[in-house]
Structure formats: C-alpha cells, structure tokens
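Analysis of the macromolecular model
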Amino acid sequence: MPVLVDSYMGIFLPADITARITRFLAGQVEFPYIKKGEIIGAFYIFGKDYGVSGDNEIKEVRDLAKRTVEQAAKDIRMYAATPNRLNSAFTRENYTKRSLQIIVDNAALDQAEVNRRVAGDPSILSDCFAQHVAHFKQEYYFEIFGPFRKEQLPSRLYGKLEARMLLLGFNSKSLPFASSLEPFFNWMSSKV
C-alpha cells in the first residue's frame, strides 16, 4: 500500500483542539482560538496501518515529510503576508467550505460524525497550525522519527507505532519537555 494512503495527520496539543474547532465553527469563540502561549503540536504518522519497511518506503516517507514541511512553511508565509486573512470571518468561511465538502462526500453520516470528521480534518488542522503560527509570528519546527523499533517505544505503543515513521511539528523551538516525543507519546498512550 502506498505510504501516502497509509498516513494520518492530526493535532495533539492543545488536547482539546477538536472541541475548539467545533466551538469556533458554531460561532461560540473567535479567532485566534489558540492562545499565544499555548503549544501547538501537529503529527503525521506514516505507515499507520501497515508500517514502513525497506529503503524505498523510508525514502518515500522522507520525501513526503519534506513536501509536508515545505507546504506548511508556504502556508505560514502566505498568512503572514496577508494578515487580513487572520480573522474569524475568513477562517470560519474556509472551514465551512471544507465542512460542506465533507458533508457532500459523506451524505449518509449523522451530524455528530460530521462534526467529528470536520474537527479532525487534515486540511482544517493544517490550516489551523499555519494560521496560528503566522498570527502570533512564532518560530516553528518539524522533526522526523523512525521507523520506530520496539525498544524505542513505551510498551503501550508497540502496536500503534512500531515500524511507523512520525513527523512532529511545533509552534515553538523551546519546549517544556525532555524531548519532542514525550508529549506525543503521553497523548498517544491516553488514546490506547
């Protein structure tokens, strides 16, 4: 299976990001819905279901990760250059357009499932990361890991991360953790 198809993106910090996006779309909160001092942690798991094996797949993931980081940087630069797009009206309109695409593509879903998919949609989450980094003029960085071997992982995460590759992105180069993997492993352990 191609690594691109077997990949997954999300935001794990702040932990309540899906609830914030849902409230934002409902008009209950305004942009920015992530505060300046909060850490945003984005993740991309490559080989989510089948793992990453062999030099060709590892190279494919590294290329995909490089393009992902380049796209994030491009989006951040675009938002920084057009600050009029960093407001509630523009952001809500873009998220709503994406929501409508999800609804059309998944017409049989009930409203709760639509809300869950919208709040966890990779396009919306990627935009969220780029917008908040640009809005607050923050430094950011990405780091790639793996493929993970069993001895590199907490035992609870063997089945989820062994043989997978991981790209982590943060809106700060100064994290209050021993390593950039620590908050992701803690979050992932709470989901197992």
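For the structure, check the block above.
A short note on the environment of phenylalanine 43
Of note, phenylalanine 43 is situated in strand β2 (residues 41-46). Overall, phenylalanine 43 belongs to the buried group, its relative accessible area being 2%. For phenylalanine 43 and leucine 167, which are 124 residues apart along the polypeptide, the C-alpha to C-alpha distance reads 5.6 Å. If we skip the residues at most four places from it in the chain, phenylalanine 43 touches Tyr8, Met9, Gly10, Ile11, Phe12, Leu166, Leu167, Leu168, Phe184 and Trp187.

Re the sheet that holds β2
The sheet built from four strands is open, its strands ordered β1-β2-β4-β3 with antiparallel pairing. Taken across any chain shown, the strands that pair with only one partner, and hence form the sheet edges, are β1 (7-13) and β3 (141-145). Sheet twist, expressed as the average angle between the axes of neighbouring strands with direction ignored, equals 20 degrees. Relative to strand β4 (residues 165-170), β2 runs antiparallel, the two sharing six bridges. Residue pairing in the sheet places tyrosine 44 in a bridge with leucine 167 of β4.

Looking at the environment of leucine 109
Summarising the element assignment, leucine 109 is placed in the loop between α3 (88-105) and α4 (111-119). A residue is classified by how much of its surface remains accessible, and leucine 109, at 26% relative accessible area, is partly exposed. Once the C-alpha coordinates of leucine 109 and serine 88 are considered, the two residues, 21 residues apart in sequence, prove to be 27 Å apart. Excluding residues that lie within four positions of it along the chain, leucine 109 makes contacts with Val114 and Arg117.

Section: the pairing of β2
The element β2 is extensively covered by neighbouring structure, given that six of its six residues are classed as buried. Along β2, one buried face is formed by Gly41, Phe43 and Ile45 and the opposite face, lined by Ala42, Tyr44 and Phe46, is buried too.

A look at the packing of aromatic side chains
Tallied over the entire structure, the rule returns 16 aromatic pairs. With centroids separated by 5.9 Å and ring planes inclined at 85 degrees, the aromatic side chains of phenylalanine 12 and phenylalanine 170 adopt a geometry described as edge-to-face. With phenylalanine 12 in strand β1 and phenylalanine 170 in strand β4, this residue pair connects regions lying 158 residues apart in the sequence. Across the pair, exposure class does not vary: phenylalanine 12 and phenylalanine 170 are buried alike. Through successive ring pairs, a cluster of aromatic residues spans Tyr8, Phe12, Phe43, Tyr141, Phe170, Phe184 and Trp187. For the cation-ring pair, arginine 92 lies above phenylalanine 24, with the distance from its terminal atom to the ring centre recorded as 4.3 Å.

Procedures and definitions
- Residues numbered from 1 in each chain as written.
- Predicted model: local features only at pLDDT ≥ 70, side-chain atom pairs only at ≥ 80, totals over all residues.
- Heavy atoms only, no water.
- Helix = DSSP H or I, 4+ residues; strand = E, 2+ residues; numbered from the N terminus.
- Buried < 20%, exposed > 50% of the residue type's maximum accessible area, 1.4 Å probe, protein only.
- Contact = heavy atoms within 4.5 Å.
- Pairing = 2+ DSSP bridges.
- Axes fitted to C-alpha atoms, helices over the stretch in contact; angles between N-to-C directions.
- Phe/Tyr/Trp six-rings, centres within 6.5 Å; stacked < 30°, edge-to-face > 60°.
- Lys NZ or Arg CZ within 6 Å of the ring centre and 35° of its normal.

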